[in-house]
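The primary structure of each chain is shown beneath.
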Amino acid sequence: MKVTDVRVRKIAKEGKMKAVVSITLDEEFVVHDIKVIEGDRGLFIAMPSKKVSEGEYRDIAHPINSLARDAIQKVILESYEKALTEPDGDRV
């Protein structure tokens with residue numbers, strides 16, 4: 001599996017969420033609404049999720065293992081850092 005496209009929408013308001021990202025896998029499958037979040041130990045990604053009846057959030061789509069998650073996170077965070085140097089025309 002290879003991430004073949006990353007679309008970053010930077011968040012203009014202050015807060016922990018810095019961007020919302022869509023990725024394309026193998027030019028065939030898209031995952032929307034991945035969040036880039038500023039945590040206590042730096043940036044990380046949160047996969048798309050929905051609130052369930054118990055009030056918890058469950059991921060809708062997610063990597064099966066840590067190697068896949070690390071690879072996806074690396075590509076997303078590199079794209080986010082690059083987007084920070086671009087004009088603010090794509091901020092939400």
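What you see is a predicted model; the values in this text were computed from it and never measured. (Residues numbered from 1 in each chain as written. Predicted model: local features only at pLDDT ≥ 70, side-chain atom pairs only at ≥ 80, totals over all residues. Heavy atoms only, no water.)

Caption draft 1: Local environment of the pairing of strand 1 (residues 3-10). As defined by bridge partners, strand 1 adjoins strand 2 (residues 17-25) across seven bridges and the pair is classed as antiparallel. Following the sheet pairing, Val3 is matched in strand 2 by Leu25. Remark: six residues form the turn of the hairpin made by strand 1 and strand 2, two consecutive strands paired antiparallel; Gly15 in that turn has positive phi of roughly 145°. (Pairing = 2+ DSSP bridges. Helix = DSSP H or I, 4+ residues; strand = E, 2+ residues; numbered from the N terminus.)

Caption draft 2: Region of interest: the sheet that holds strand 4 (residues 42-46). Here four strands make up an open sheet; going across it, the order is 1-2-3-4 and the pairing antiparallel. Each edge of the open sheet carries a strand with a single partner, namely strand 1 and strand 4. On average, each strand axis in the sheet is inclined to that of its neighbour by 30°, with strand direction left out of account. In this structure, strand 2 lies alongside strand 3 (residues 29-39), joined through seven bridges in antiparallel fashion. Bridged to Ala19 within strand 3 is Val36. (Axes fitted to C-alpha atoms, helices over the stretch in contact; angles between N-to-C directions.)

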